[in-house]
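# Coordinate inspection notes
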Amino acid sequence: MLDLSLSTTRHRLCDGTSRRSFLRIGALGPLGLSLSRLMAADAPGRSARAKSVILVYLGGGISHHDSFDMKPDAVEQIRGKYKGIGTSVPGLKICELLPKTAQIMNKVTLVRSGTHENDHHETASNWVLSGRFGSAFGDHPAIGAIVARETGFSGLVPPYVAVPKNPSFTWELGKSVWLGGRCESFKAGNPNDANYRVRDLAQPAGMTPEVLERRKSLLAAVDQLGAKVKGSDAMATYDEFSRKAAEMVLSPQAQTAFAIEKEDAALRDEYGRTEFGQSALLARRLVENGVRFVTVNYAGWDHHNDIFKGLDAKLPEFDQGYSALIRDLDQRGLLKDTLVLAMGEFGRTPKVNDKGGRDHWGRAGSMIWAGAGVAQGKIIGATDKNGAFVTERPVRPADVAWTIYDALGIDPAKELLTPEGRPVSILAEGATIQELYA
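Notes on the structure follow. Computed from a predicted model, the values in this text were never measured in an experiment.

### Observations regarding the overall build of the chain
Secondary structure assignment for the chain yields eleven helices and 18 strands. Here the chain holds 438 residues, and the buried ones make up 59% of them. Within the chain, contacts between residues separated by at least 24 positions form 73% of all contacts whose residues are at least 6 apart in sequence. Within the structure as shown, the chain displays about 17600 Å² of accessible surface, and the carbon and sulfur contribution to it stands at 51%.

What follows is the structure, encoded as structure tokens:
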């Protein structure tokens, strides 16, 4: 059922322009594709280092002590049980459970000085996913939503995709907030599922080309109806968006982007037959087909209890999928145009608690950057002997977001309009992490 609101009440859409109440199309009837995430925006005019971004989000907060910032000379309660192993970067050691990642550290830059002052999952996650501090409920649009707003469609694929979905703890995080549904992520689902198909791109069983053409004819009829409604700019804009939705469903480009089953079985094995491994592989397919921002949501790092039991399972999965992603992008020539960032919302406490876990710790954490001109085999920043506080080159959430925007050619200081008409800059502070490119 089409719910076409022709109210004259004005609202602002995510591009900041004034629109009257937009058509509420639900799932676009039988096509099953929400228009709210198919509306394109004007492209920026700034020069760019990157065409696309892949954010590997380690929700829950990966322990830097037990992965990329080990403290072998600290007491056992701080250093943990793992030993360090050598890497392809002379003098750099990382956790022994990351042997494949150790081999590709000469392709990335390790930042050991991520820092902020919040230890609450939702608040910290929204902060690092947007670059602006706000409440736990999310007051500022996620980076991916801003990218969708500023870059729009490239061909017939959505600009912003979350695999399998947006991060969440108590509720969904990293959303488009006041930018509106059209800037929200396209949820890809779990590509490791048997017979994986993207819900909004899967044609219903028995849907013949003739039936699909009739669907398109129906959309055309609605467009013609809209053209007859005088004085409604909502109806005037409907034609573009409905056409984009229909084209996406029928588009070989969109179908191919999500068709992970076309990948060679050996390569799928290399990434790992896990949700994370196949999500990383799908992310490569998506940027290869023009998606501008992909969030690979790899949660489960909140180890308050039995952290080493948890990491015994998690670190090898990350090791396999992440290392395969970097190698694959590099071998295909995609790494030069794709910015890849792996991070969580914070690190973990220096001391192992009485339950054998580590708790939330925003003061220090590690992240890994790669691609799109990022230096290779470099280490930026440092923490003290216990991994508790940053001692060299602090990198704050706004700096992370600023660097991503700058890499994509988006002005981080640009002002957008809220639904109330209030101008708000994309970021209120921050600067590009220049050391990444030195």
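### Quick word on the side chain of Asn353
Take Asn353: it is sitting in the loop between strand 11 (347-348) and strand 12 (360-361). In this structure the side chain of Asn353 is engaged in a polar contact, spanning 3.2 Å, whose partner is the side chain of Asp359. Among residues more than four places away in sequence, those in contact with Asn353 are His304, Arg358 and Asp359.

### Let's talk about the environment of Phe137
Examined against the element boundaries, Phe137 turns out to sit in the loop between helix 3 (121-130) and helix 4 (143-151). Since its relative accessible area comes to 64%, Phe137 is described here as exposed. For Phe137 and Trp171, which are 34 residues apart along the polypeptide, the C-alpha to C-alpha distance reads 8.3 Å.

### Brief notes about the pattern of salt bridges
The final tally for this structure, using the stated rule, is 27 salt bridges. A salt bridge links Asp69 to Arg112, with the nearest nitrogen and oxygen atoms 3.8 Å apart. On the criterion of sequence distance, the pair formed by Asp69 in the loop between strand 3 (52-57) and helix 1 (76-79) and Arg112 in strand 6 (residues 108-114) is long-range, its members being 43 residues apart. Residue Asp69 shares its accessibility class with Arg112, and that shared class is buried. Overlapping salt bridges, with partners in common, bring together Glu263, Arg284, Arg285, Glu288, Asp328 and Arg332 in one network.

### Brief notes about unusual backbone geometry
In this chain, Val163 is followed by Pro164 through a cis amide linkage whose omega measures -10°. By secondary structure assignment, the location of Pro164 is in the loop between strand 7 (160-163) and strand 8 (186-187). Despite not being glycine, Asp306 has its phi angle at roughly 45°, a positive value. Position of Asp306 relative to the elements: it lies in the loop between strand 9 (293-297) and helix 10 (307-331). For Asp306, a relative accessible area of 47% translates into the label partly exposed. Phi at Ala372 is positive, roughly 55°, even though this residue is not glycine.

### So, the side chain of Thr151
Take Thr151: it is sitting in helix 4. By relative accessible area, Thr151 is classed as buried at 7%.

### Some remarks on the packing of aromatic side chains
One pass over the structure, following the stated rule, counts twelve aromatic pairs. Centroid distance Phe137 to Trp171: 4.8 Å. Interplanar angle 15°. Geometry classified as stacked. Here Trp171 lies in the loop between strand 7 and strand 8 and Phe137 lies in the loop between helix 3 and helix 4, a separation of 34 residues in the sequence. Ring geometry for Phe276 and Tyr298: centres 4.3 Å apart, planes at 15°, overall stacked. In this pair, Phe276 sits in helix 9 (residues 275-288) while Tyr298 sits in the loop between strand 9 and helix 10, placing the two residues 22 residues apart along the sequence. As far as burial versus exposure is concerned, Phe276 and Tyr298 are alike and both buried. Sitting above the plane of the Tyr437 ring, Arg49 keeps its charged end 3.7 Å from the centroid.

### Some words on the pairing of strand 10 (residues 338-343)
Judged by how many residues are buried, strand 10 sits mostly within the fold: six of six residues are covered. By the alternation rule, side chains of strand 10 split into Thr338, Val340 and Ala342 and Leu339, Leu341 and Met343, which are all buried. Note: strand 3 against strand 10, six bridges, orientation parallel. From the neighbouring strand, Tyr57 faces strand 10, where its bridge partner is Met343.

### Some thoughts on helix 10
The end-to-end C-alpha separation of helix 10 is 35 Å, in line with the 36 Å expected for 25 residues at 1.5 Å each. Along helix 10, the largest kink reaches about 25° and is centred on Ala313; proline Pro316 follows within four residues of it. Looking one or two residues beyond helix 10, the residue adopting positive phi is Gly333, at roughly 75°.

Procedures and definitions
- Residues numbered from 1 in each chain as written.
- Predicted model: local features only at pLDDT ≥ 70, side-chain atom pairs only at ≥ 80, totals over all residues.
- Heavy atoms only, no water.
- Helix = DSSP H or I, 4+ residues; strand = E, 2+ residues; numbered from the N terminus.
- Buried < 20%, exposed > 50% of the residue type's maximum accessible area, 1.4 Å probe, protein only.
- Contact = heavy atoms within 4.5 Å.
- Areas by Shrake-Rupley, 256 points an atom, 1.4 Å probe, with all protein chains shown as cover.
- Polar contact = N/O pair within 3.5 Å; in protein donor to acceptor, adjacent residues only side chain to side chain.
- Salt bridge = Lys/Arg side-chain N within 4 Å of Asp/Glu carboxyl O.
- Phe/Tyr/Trp six-rings, centres within 6.5 Å; stacked < 30°, edge-to-face > 60°.
- Lys NZ or Arg CZ within 6 Å of the ring centre and 35° of its normal.
- Pairing = 2+ DSSP bridges.
- Expected span 1.5 Å × (residues − 1).
- Bend = angle between axes of the 7 residues up to and from the residue.

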